Amino acid sequence: MSGAVGGSVGGDADEDGWVPIDDALRAARGVMRSGQMVHAANFQLYHSMNALQILDAKMDVGMAPPAGEPPMKSLAALIAEGRAPLDLSDEDQINVFDALLACEATWHRGQALATTVYTCLYMHDAERLEACRGPVMRAYFDATRSAVATVRHAVSLGDVWEEEDFVLHVAGFDVGAAAIGDDGTKPNATLALLRLAETWLVENAGVEDRRGALLARVRFRIATHEAYEALFKLADPKRAVAAAEVAREALRRAATHLATSRATSYAAETNDDWDPNGLGFDRKLNLSKMGPSPPRVVRLMSIQQGFDYFHHLIGQLTQLCDVAPLVASGAASLRDALAFLAAFDAGSKKRGRDPCIVARSFAAIAVLHPKRGGILGKHPGDAALRSAWLFGAAPPPRLRLDKEEDDGLGGSGDAGGDGREEDEGDQDVPSRLVGGVASGTRKDVPFRDQEEEEEAASAPGAAELRSFLAKTSLGVELLVRAYLCNRSRSRRKLRRLLGEWSALVDMAVVVDVSGFVPGYLRRLSERAARDNPGAQPGGRGGTAELAAASGALANSPWARRAFSSWSGGVLVRAMLAHLFLGFELELYLPHELCMVYWYQEYLTEDLQDKLRVAERSLAAHLDAAADAASTLSASATKNANARRKGKKGDDSSDETDRTHDSSASSMSTHARLAEVRMEGHILEAHKTMCKGMLRFTGGLSAAERSWRPARDDFTDAEQNFWQRFGIFHAVRDPAPLSHADFEQYVRLEDGVTADRLFELAAECFAGARALCKTLLELPKGALSQTQAEDLAGLDKTAAANAAAARLAMAAPAMRAEFAFAAHHPTYPTVKLVRGG
């Protein structure tokens, strides 16, 4: 075979380098069987998966199109045919601009530039647009190229995209300059050209653009360009608040101009309101630039769908601006970051869409600083320490992490030098200094800067704490990234993080056993007591309260397991999030719901136990602080009376200031206690709902009620259990449950019937409704918007399922069906229908 091929290619090559292989093909045809392939020795199966089959219409982009379809033409040929004229009427310009916006939205949703934005003929030759009668077309297409570059830069920088989210490949197209806005000294050519077009349209009003439609589209591009520039600055703590205000204003203008553009569009209210092969477009233009991929027809968004997409994108980016106070504070915790991301996700879903990759990328840039790394501009260990620290009267201990411990932990960087001063000025790494009081928020505490750092660093257990915080860097950053990914990838990443966080829990136990937290709090109490000896005149109220509160908290259960309780809570929340995402992704079949709610109830109870420890400890802390404040107030009154009797001219403002310091120092602790208690109440409502769903689905199974889809025999019950919860066996605390545990739990005792389970389910649903009603009637501000919406959905689902449970008792022949996400993403509404 090799000889036949070798002899056949020995003919003369023509002047273009082509060699005839006809003889080789004829020889091969005589000896090869069907299914065999001629290939080089190094050609393996992997290469065959990426190979193209010549003359296969499904694989060969260069093959002539079938009869009736137009052939693929070059840009020059299409322009010569008059498909992209420069002298366009207002209506034609508007149609082209709106269709291009729809193409841009399609690209944002995961398609390639070659099959979306750059199917527009005007996007390829910027110099040709110089011949237009005005600057509008040139400015608009230049702004679109800049928007493409900006979004690519944001997605690449945020680094939370997956292959199904976005296509970064540009196929050699000119994508212009991104609207980054890092250097204000350089003129912004794109924005200058848009301003020129805006001025030209205003000056020629009544002659050009009589409806104001082109002006609205130009101003929309100006507003989005300015918004993008401001959003990149959200990662800078010094500029975050100002940048957020600029971004909000620009996005507000963008929304206004987008509404005007929609109102002045010539597109019909249909899903096919423009022609991808019409004026200014050719969908086959770039097929030859697609690389080794089969030809495919991309369904481009309609113009109306494009308007809808950008409307939602503007809303998501506007909500993203709420992160600015967290970035600027310098004292945000991991809890704050995850709460913001949860609210960001819930706000987007409330508008009917998941956060798109563009919005998620800008969120990642703000939360995960792309240059410095860390969380909200600080070292991930700082976010972990502040999240674990419950003591509101004083900041967490001020520590400097060792450089050697931090190396190789992705995202934490390397400061260089001795690890003390150089890292403070290096803008490419987060500071290794964690804890302490954030800039501009210093309270009246006895520890100060270097003195505090040295004393905390020399305390027993400080080395274990530094090691633990350094090791949390990777786990904390990956956890935040998991919440920024799309839902399916987020569930996978959370599953893979369980082993990492289980190891962190073991490290946290070592820190707690070292006794660092109780010892630190006792030293804090002793120093505060020395600063306020008794109730003498001149004693400081803030330090008196601090001495009592820190002493009480040092002896509390929380102090003995502060870090293991916190890291364990993070781990359980990740496990619960993994289960919840299974509902949102519609992964669970009806027969699996019973065991899913059983495991969810178990995890919820474990999380409640951890919160109860924190609640009792905070309550003891506040009681001690209140007693100290009461004693101080009585002493202050006595001293004030003594001064009045002595006719001293001292002003009473000092005592007022001390009382204010005393009350202000406990405000954050009161807020934290209220937050812990509220989370406990909400978890109780969810646990009660789980019990109801567990009993309801258990009753349906015991009564052999049929539901759709029916359970098959391919996977037995134990395998099914392992598929859903096997990954939880990577966790030691909470202890993993087995299928035998589940079987024992759901086995009915003597005398317990399906109707009794339905009755118990109805009682649980009624209890969940009562809890929801109590919480929803609390004063405004007690619940966050996300919590209120969650409880409202829970209440509606509980009401519907309570009625279904009662109906199940009265109508044993009816079949159960589940309507997922009817009112709540985690709990389906059960519907009973007549069998058939």
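Note that this is a predicted model, so its numbers are computed, not measured. (Residues numbered from 1 in each chain as written. Predicted model: local features only at pLDDT ≥ 70, side-chain atom pairs only at ≥ 80, totals over all residues. Heavy atoms only, no water.)

Draft legend 1. The arrangement of helix α14 (residues 380-388) in detail. Counted residue by residue, α14 has 9 buried out of 9 residues, so it is predominantly covered. The set of residues buried in α14 consists of Pro380, Gly381, Asp382, Ala383, Ala384, Leu385, Arg386, Ser387 and Ala388. Lining the buried residues of α14 we find α12 (334-350), β2 (433-434), α18 (462-484), α22 (557-560) and α23 (562-584). (Buried < 20%, exposed > 50% of the residue type's maximum accessible area, 1.4 Å probe, protein only. Helix = DSSP H or I, 4+ residues; strand = E, 2+ residues; numbered from the N terminus. Contact = heavy atoms within 4.5 Å.)

Draft legend 2. Looking closely at the pattern of salt bridges. Inspection of the entire model under this criterion finds 42 salt bridges. Across the salt bridge formed by lysine 493 and glutamate 162, the nearest N and O atoms sit 3.7 Å from each other. Here lysine 493 is found in helix α19 (residues 487-514), whereas its partner glutamate 162 is found in the loop between α6 (136-158) and α7 (189-203), with 331 residues between them in sequence. Judged by relative accessible area, which is 15%, glutamate 162 ranks as buried. (Salt bridge = Lys/Arg side-chain N within 4 Å of Asp/Glu carboxyl O.)

Draft legend 3. A look at the environment of alanine 463. By the secondary structure assignment, alanine 463 is in helix α18. Considered as a pair, alanine 463 and valine 511 are 48 residues apart in the sequence and their alpha carbons are 8.8 Å apart.

Draft legend 4. Structural context of helix α26 (residues 717-725). What α26 keeps buried is the set Asn720, Phe721, Arg724 and Phe725. Here the buried residues of α26 occupy an arc of 105 degrees about the axis, which is enough to place them on one side. Away from its buried face by more than 90 degrees, α26 exposes Glu718, Trp722 and Gln723. (Arc of directions from axis to C-beta.)

Draft legend 5. Inspection of the nonpolar core at higher detail. In this structure, Phe141, Leu320, Phe362, Leu521, Trp558, Phe563 and Phe696 are the most contacted members of the largest nonpolar core, which totals 221 residues. Not counting residues up to four positions away in its chain, the partners in contact with phenylalanine 563 are Leu385, Ala388, Leu465, Phe468, Ala508, Val511, Asp512 and Val517. (Core = buried A, V, L, I, M, F, W, Y, C linked by side-chain atoms within 4.5 Å.)

Draft legend 6. Structural view of the packing of aromatic side chains. Summed over the entire model, instances satisfying the criterion amount to 35 aromatic pairs. Centre to centre, the rings of tyrosine 118 and phenylalanine 173 are 4.4 Å apart; their planes meet at 0 degrees, and the pair counts as stacked. Remark: phenylalanine 173 occurs in the loop between α6 and α7 and tyrosine 118 occurs in the loop between α5 (90-108) and α6; sequence separation between them is 55 residues. Taken individually, tyrosine 118 and phenylalanine 173 each receive the classification buried, so the pair is uniform in this respect. Ring pairs connect the aromatic residues Trp598, Tyr599, Tyr602, Phe721, Phe725, Phe728, Phe742 and Tyr745, which therefore count as one cluster. (Phe/Tyr/Trp six-rings, centres within 6.5 Å; stacked < 30°, edge-to-face > 60°.)

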